[in-house]
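Structural overview for review
Residues per chain, in single letters:
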Amino acid sequence: MFVDSIVLKKFRNYDALDIGFSNGINFIVGPNGSGKTNILEAVSVAANIRSFRGAADTDMVKWGEESYFCRLRSTGSRFREFEIGYSSMPGAPRKKARVDGCEIHRASDYFGRLLTVIYSPGDILIVSGSPEVRRRFFDAIIARVDREYLSLMGEFKKILASRNRLLKGLLERKAGVNELDVWDEMLASSSFGIIKKRMDFLESFTPSFRGAYQRIARQDSVPGLVYSCGFGEASLHEIREKLSGARRRDMAAGMTTAGPHRDDYVLYHENGRPFSNCSSQGQKRTASIALKNAERLFIEEATGERVVLMVDDVFSELDPERRESLVDSLQGENQVIFTMVGTGSIDPASFSGARIFNVGPGGMVSVE
Ligand SMILES: Nc1ncnc2c1ncn2[C@@H]1O[C@H](COP(=O)(O)OP(=O)(O)OP(=O)(O)O)[C@@H](O)[C@H]1O
Ligand SMILES: [Mg+2]
């Protein structure tokens with residue numbers, strides 16, 4: 001699918017903007033603070049109702065105004081027109097979403113109709129941030145490709161909360177230890193289901209990630225990726241043993257100290273050293289892009305659709321060779337929208353059908 005055009009009214013620094021994209025490569029170029037990312041944000045709002053930056057609607061309304069409007073037209077899928085309007089009128093803030101003229105009342109009915117993946121500077125945290133960031137990243141992909149996963153996670157969270165409540169109760173001597181047996185058994189079997197799905201997923205995800213890394217960093221050794229499981233080899237038998245072995249520790253802590261809620265996905269160098277501590281900024285950036293690239297391949301395989309790729313200014317940390325490989329590896333049948341401060345060593349004219357948008361001060365956009 002492709003984004004053909006986007007119309008913005010009173011959105012961020014744009015009073016009125018109406019631009020048409022190429023179905024191939026698009027470069028949005030301009031100085032810092034000119035409004036490049038704002039355009040990608042608007043596409044993300046039209047595609048997913050909310051901003052990929054996590055911004056509140058009131059922050060996206062142009063300063064001094066009361067409402068914003070965003071309309072995106074697309075081709076290559078069943079749906080043609082996506083409209084989001086938001087009004088911050090005091091006392092009655094309202095947001096409306098329409099697809100092909102029909103108002104959509106539930107966000108879940110809106111998602112999945114326009115598929116986009118955004119590569120943004122913050123993605124580096126998937127590599128160098130806390131395990132929670134990686135769990136969130138992988139949970140979201142697994143949930144997209146495996147319908148059962150979300151309900152398994154929901155069930156696990158409930159069991160975990162009950163076991164933690166009981167452990168707290170034990171600390172305060174409000175509950176008996178033998179009650180733990182029931183929750184341990186439930187937690188063990190729920191954990192087993194989740195861990196198995198995560199490990200199975202990683203088995204097919206890892207080659208995809210490594211392939212993506214190799215395509216961008218041709219000379220570099222490629223990092224590995226494994227699931228680090230607090231319950232060891234993760235057979236049901238071992239999970240039960242680990243859980244009962246941790247009981248004393250869990251009781252002292254008043255919470256469950258190991259399990260899928262604490263596990264991690266670990267990137268490592270060829271020599272076995274942890275990637276997050278022993279790699280350069282450019283290598284981390286490359287790995288984060290490769291993770292997102294593998295994510296999009298999974299979404300495409302699961303949906304049979306081509307996603308729209310948005311690449312927000314992730315070039316600055318890459319050497320010229322990696323920059324070129326990145327552009328090469330992304331272009332193909334997908335539409336790609338890049339933002340960058342300057343094209344640098346990349347020659348947009350060398351990409352057939354590429355469109356270049358120059359964003360000037362005050363959000364003036366001209367097309368080359
Ligand atoms: N609600 C708003 N109303 C008007 N202007 C806004 C609003 N929110 C942000 N801005 C302006 O938008 C600009 C930021 O836009 P954006 O993040 O798209 O910049 P950018 O071109 O991506 O810059 P960089 O190269 O630094 O990433 C800032 O100048 C900011 O003042
Ligand atoms: Mg930006």
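Cut-offs applied
Residues numbered from 1 in each chain as written. Chains lettered and ligands numbered in written order. Predicted model: local features only at pLDDT ≥ 70, side-chain atom pairs only at ≥ 80, totals over all residues. Near = placed C-beta within 6 Å. Helix = DSSP H or I, 4+ residues; strand = E, 2+ residues; numbered from the N terminus. Nonpolar A, V, L, I, M, F, W, Y, C, P; charged D, E, K, R; others polar. Core = buried A, V, L, I, M, F, W, Y, C linked by C-beta atoms within 7 Å. Buried ≥ 20, exposed ≤ 12 C-beta atoms within 10 Å, placed from the backbone. Domains from an automatic or database assignment. Contact = placed C-beta atoms within 7 Å. Pairing = 2+ DSSP bridges. Axes fitted to C-alpha atoms, helices over the stretch in contact; angles between N-to-C directions.

Quick word on the site of ligand 1
Taken together, the neighbourhood of ligand 1 is formed by 17 residues, with Asn32, Gly33, Lys36, Thr37 and Asn38 sitting nearest. Where the shell around ligand 1 is concerned, the elements lending two or more residues are α1 (36-48) and α2 (57-60). Looking at the shell around ligand 1, its residues break down into four nonpolar, eight polar and five charged.

Comments concerning the nonpolar core
Judged by nonpolar contacts, the single largest core of 68 residues is most densely connected at Ala42, Val43, Ala46, Cys70 and Ala290. Per-element accounting of this core gives the leading share, seven residues, to α1. Domain assignment of the residues forming this core places at least three in each of domain 1 (2-115 + 307-367) and domain 2 (126-277). When neighbours within four sequence positions are excluded, Ala42 is seen to be in contact with Ile6, Leu8, Phe11 and Cys70. Listed in part, the twelve residues of the second largest apolar core include Phe156, Ala188, Ile194 and Ile195.

Let's talk about the sheet that holds strand β4 (residues 67-75)
Spatial strand order, β2-β1-β4-β5-β6-β7: six strands in an open sheet with antiparallel pairing. One side of each edge strand has no neighbouring strand; the edge strands of this open sheet are β2 (14-20) and β7 (102-104). Between one strand and the next, the sheet's axes are offset by a mean angle of 15°, whatever the strand orientation. Inspection of the sheet shows strand β1 (residues 2-11) paired to β2 by six bridges, in the antiparallel sense. In the strand pairing of β2, Lys9 is matched with Ala16.

Here's the deal with the sheet that holds strand β14 (residues 365-367)
Backbone-to-backbone hydrogen bonds pair the strands of a sheet. The strands run either parallel or antiparallel. Taking strand neighbours across the sheet as the criterion, the six strands line up as β8-β11-β12-β3-β13-β14 in an open arrangement whose pairing is mixed. The open sheet has two free edges, formed respectively by β8 (116-119) and β14, since each of these has just one partner strand. Direction aside, neighbouring strands of the sheet carry axes that sit 15° apart on average. In the packing of α1 onto the sheet, contacts are made with β3 (25-29), β8, β11 (308-312), β12 (336-340) and β13 (355-359), and the angle to β8 comes to roughly 150°. Against the sheet, helix α11 (residues 281-303) touches β8 and β11, its axis set at about 175° to β8.

What to know about unusual backbone geometry
The residue Ile49 is not glycine, and still its phi comes out positive at about 70°. In this structure, Ile49 sits in the loop between α1 and α2. Residue class for Ile49 comes out partly exposed when judged on the 17 C-beta atoms lying within 10 Å of it. If you check the backbone angles, Asp100 has positive phi at about 50° while not being a glycine.

As for the domain arrangement of the chain
Interfaces are often sized by the accessible area lost when the parts come together. In terms of domains, the chain is made up of domain 1 (2-115 + 307-367) and domain 2 (126-277). Just the C-alpha atoms count here: the centres of domain 1 and domain 2 sit 35 Å apart. For the side of domain 1 that touches domain 2, the class distribution of residues is one nonpolar, two polar and one charged.

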